[in-house]
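Close look at the chain arrangement
Spelled out, the chains give:
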Amino acid sequence: MTEQKYPIGQYPNLPPPKNSVGVVAWLRDSLFSNWFNTLLTILAIYIVIKTIPGLLDWAFFSADWVGTSRDDCSREGACWVFINVWFDQLMYGRFPEDQVWRIQASYIIAIAAAIPLFIPAVSRKIKTALALFLLVLFPIICFYLYYGGSFGLEVVETTLWGGLFLTLVIAVTGIVMSLPLGILLALGRRSNMPVVKSVCIVFIEFWRGIPLITVLFMASVMFPLFVPEELSPDKLIRALIGVTLFSSAYMAEVVRGGLQAIPKGQYEAAAALGLNYWKSMLLIILPQALKMVIPGIVNTFIGLFKDTTLVLIIGLFDLLGMAQLAATNPNWLGFSIEGYVFAALGFFVFCFTMSRYSQSLERRLNTGHRN
Amino acid sequence: MSENSQRELSEEVVIQLKQMHKWYGEFHVLKDINLEVKKGERIVVCGPSGSGKSTMIRCINRLEEHQQGQIIVNGIELTSDVKNIEEVRREVGMCFQHFNLFPHLTILENLTLAPMWVRKIPKAEAEATAMHYLERVKIPDQANKYPGQLSGGQQQRVAIARSLCMKPKIMLFDEPTSALDPEMIAEVLDVMVTLAEEGMTMICVTHEMGFARKVADRVIFMDAGQVIEENNPHDFFEKPENERTKLFLSQILGH
Ligand SMILES: Nc1ncnc2c1ncn2[C@@H]1O[C@H](COP(=O)(O)OP(=O)(O)O)[C@@H](O)[C@H]1O
Ligand SMILES: [Mg+2]
């Protein structure tokens, strides 16, 4: 036994040893902790050195940024002139140029209403009001803004909608509609009522069992075969319904996973307090279950966002479709890489934002371990 | 001597189980249970694990469904009628072995949720009631914490307070102390003793025999789905009649 430095019971709180924190410790622990990790680190550095400069050169240093036609591009690097020229179409499709302000106005309203939701200091009442506005009133406003036909706005047929705008319309509608629908389906699948239960199971398994392409194809090609032209809704509406039902089936299974993870005691405590089925679901079970499956929900959202590109096959031109269309323009042949890179960046920004937001949401909603 | 055995009890019967049977599938878990509880009566239920104690008290607020016989609580018969079930549950509080607090809500929110959503009490009033009961269970300073930040004993006291906020006429306890570390048992039992002294009608499944001696009007011993013996605490502990009761008592008091 060594000599006691401090009287028994009075050992002070000491700072951690120097070499366990800081940059050097991090490098040592994460990159060079053993020979194998060291080897991988060196290999990774080698790959980075070999590829990054070429990429940077293509994307920035040798790239051409200004101009109006393909002749302004030297073709040594990327030709961002291509994006420049096609920018409006990539954003709004064939939406009439003098009406584009309607889309921009909706973006501004959405952003202005959404920003306070992320500011902690804003009171809960205002946040609830804004969230309700975004979920209920805003879609109606959007419909009148985009489609027009009243308030002196000229009609813009949905066949003219396109680009990132169309991607957002489909993705946001799908996301906003599929979550509540998915929750209802998940609850239905766990219901004690045999009829409700079977209907939900059949619905979920049907939509999960077929590819989205098939859904879209049926919506746009098969549907008109059975339903007379005058009665059949707009192609975009059909696609929206298809996408929503499709992803709600996935959502239902994600939510069901969360419901199953809630201990039986929570249901019992809620029941014992006199809460009826809907109150105990809304106040006790769903808040916990949804919180638990945020990663899965956002995963489905991201999947849906990217799946919107499939509407190309029914003749709707979303961001990717527009990029492809631009690259097949006779004057701009050979610029598909720039188009794809731009579309990829566009998708990445949205999907990555969703992913980061879900992580911060998870952290914020974490109220310590469950009992 | 347990002074409570001489207590004057009201004649009003608030819980009545008549020839009640329950099965889990093929398994006959409760057999011919007959029980009458008077207003203000304190009943302790004990018996070996798996004897059906939890199942029996869970039938009283219909967390479990019985298949034969009658259960009448506060004059309302429990059937599959959802209205009746909800009415009974409003008047019957329950505490569980594992507390079952709502982990996503603060302590205060745990306490105010049911009064606000079931009894439609305004928020301010519900919060005042909640604070009153938190003081009663001696943890008003924890009101804004989450259940996960509390010790087991504190959580169970919150759970009791949560039930009391609904102003129940009857309280059911299912082994409220058996998931607790020994040093926390006393703090929970103290709360239960106070509650008993104030005249709450209680049915407690517990193996805390000290508690049974102190507050019970009647002790009920169950084994294999049947009520084997039923007596006042003094006679129950001093002169058990059935062999199985004797064996059980020797096992839990033996060491
Ligand atoms: N949901 C259930 N399904 C089937 N059997 C059960 C269920 N719950 C309890 N049991 C069985 O019923 C019997 C009584 O259980 P329980 O009332 O929990 O006993 P106790 O509380 O006295 O320990 C046990 O044998 C148990 O295995
Ligand atoms: Mg039990």
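In this text, all values refer to a predicted model and were calculated from it rather than measured experimentally.

Right, let's get into the pattern of salt bridges. Counted according to the given criterion, the structure contains 19 salt bridges over all chains. Across the pair glutamate 230 of chain B and arginine 218 of chain B runs a salt bridge, and its minimum N-O distance is 2.4 Å. Here glutamate 230 of chain B, found in strand β10 (residues 226-231), pairs with arginine 218 of chain B, found in strand β9 (residues 218-223); they are 12 residues apart in sequence, far enough to count as distant. As a salt-bridge pair, aspartate 235 of chain B and lysine 239 of chain B come within 3.6 Å of each other at their nearest N and O atoms. The exposure class of lysine 239 of chain B is exposed, given its relative accessible area of 51%. If you follow the salt bridges from partner to partner, you end up with Arg189, Glu205, Arg208, Glu253 and Arg256 of chain A in one network.

Residues and elements named next belong to chain B. Here 6 strands make up an open sheet; going across it, the order is β6-β7-β8-β3-β9-β10 and the pairing mixed. At either margin of the open sheet sits one strand with a lone partner, and together these are β6 (92-95) and β10. On average, each strand axis in the sheet is inclined to that of its neighbour by 20 degrees, with strand direction left out of account. Bridging between strand β3 (residues 42-46) and strand β8 (residues 201-205) involves 4 bridges; their strand directions are parallel. The residue of β8 that forms the bridge with arginine 42 is methionine 202. In this fold helix α2 (residues 82-91) packs onto β6 and β7 (170-174), with an angle of close to 65 degrees to the strand it touches most, β6.

Residues and elements named next belong to chain B. In the neighbourhood of ligand 1, the contacting residues comprise Tyr24, Phe27, Val29, Pro48, Ser49, Gly50, Ser51, Gly52, Lys53, Ser54 and Thr55. One of the backbone N or O atoms of serine 51 is found 3.2 Å from an oxygen atom in ligand 1. Between an oxygen atom of ligand 1 and a side-chain N or O atom of threonine 55, the distance comes to 2.4 Å. Bound to the protein, ligand 1 loses 60% of the 560 Å² it would expose on its own. Put simply, the parts of the chain that give the shell around ligand 1 at least two residues each are β2 (27-38) and α1 (53-60). A per-element tally of the shell around ligand 1 places α1 first, with 3 residues. In terms of residue class, the shell around ligand 1 is made up of 4 nonpolar, 6 polar and 1 charged.

Residue and element names in this part refer to chain A. Segmenting chain A into domains produces domain 1 (77-95 + 160-365) and domain 2 (96-155). When each unit is reduced to the centre of its C-alpha atoms, the spacing between domain 1 and domain 2 is 20 Å. Between domain 1 and domain 2, the residue contacts involve 11 residues of the former and 11 residues of the latter. Contact between domain 1 and domain 2 buries roughly 1,000 Å² in total, counting both sides, with carbon and sulfur atoms accounting for 78%.

Before going further, it helps to examine a nonpolar patch on the surface. All names here are of chain A. Taken together, the side chains of Leu132, Leu135, Val136, Leu137, Ile140, Phe143, Tyr144, Phe151, Val172, Val176 and Met177 make up a nonpolar region of the molecular surface, amounting to roughly 1,100 Å² of accessible area. When residues of the nonpolar patch are traced back to their parent elements, those giving at least two are α5 (124-147) and α6 (163-189). Ranked by residue count, the leading element in the nonpolar patch is α5, at 7 residues. The topology assignment puts leucine 137 in helix α5. Using a relative accessible area of 46% as the deciding quantity, one classes leucine 137 as partly exposed.

About the criteria used
- Along each chain, residue indices are assigned from 1 in the same order as the chain's sequence is written.
- A letter from A marks each chain and a number from 1 marks each ligand, given out in the order of writing.
- Given that this is a predicted model, residues contribute local features only at a pLDDT of at least 70 and side-chain atom pairs are listed and counted only at 80 or more, while totals for whole chains, interfaces and linings are drawn from all residues.
- The side-chain values count all of the structure's non-hydrogen atoms but skip hydrogen atoms and water molecules.
- In what follows, salt bridge is the name for a side-chain nitrogen of Lys or Arg lying within 4 Å of a carboxyl oxygen of Asp or Glu.
- Elements are defined by DSSP. Helices are runs of H or I of four residues or more, strands are runs of E of two residues or more, and each kind is numbered from the N terminus.
- Only protein chains enter the area calculation, which uses a 1.4 Å probe; residues under 20% of their type maximum are buried, those over 50% are exposed, and those in between are partly exposed.
- Two strands are counted as paired when DSSP detects at least two bridges linking them.
- The axes are straight lines fitted to the C-alpha atoms, using for helices just the contacting stretch, and the angles between their N-to-C directions are given from 0 to 180°.
- The contact definition used throughout considers only heavy atoms, calling two residues in contact when any of these lie within 4.5 Å.
- The nearness test applies per residue and asks whether one of its heavy atoms lies within 4 Å of the molecule or strand.
- By the criterion applied in these results, polar contacts are pairs of N or O atoms within 3.5 Å in which, for protein atoms, one can donate a hydrogen and the other can accept it, and in which residues neighboring in sequence qualify only through two side-chain atoms.
- The protein chains shown are the only cover counted for residues, whose accessible areas, like all others here, come from Shrake-Rupley with a 1.4 Å probe.
- Lys, Arg, Asp and Glu make up the charged group, whereas Ala, Val, Leu, Ile, Met, Phe, Trp, Tyr, Cys and Pro make up the nonpolar group; the residues left over, Gly among them, are polar.
- The start and end points of each domain follow an automatic or database-based domain assignment.
- The term buried area means the drop in 1.4 Å probe accessible area that two parts suffer when joined, counted for both and summed.
- In this scheme, patches are assembled from residues that exceed 30% relative accessible area and form no salt bridge. Like charges are connected within 9 Å, while nonpolar side chains (Val, Leu, Ile, Met, Phe, Trp, Tyr) are connected within 5 Å.

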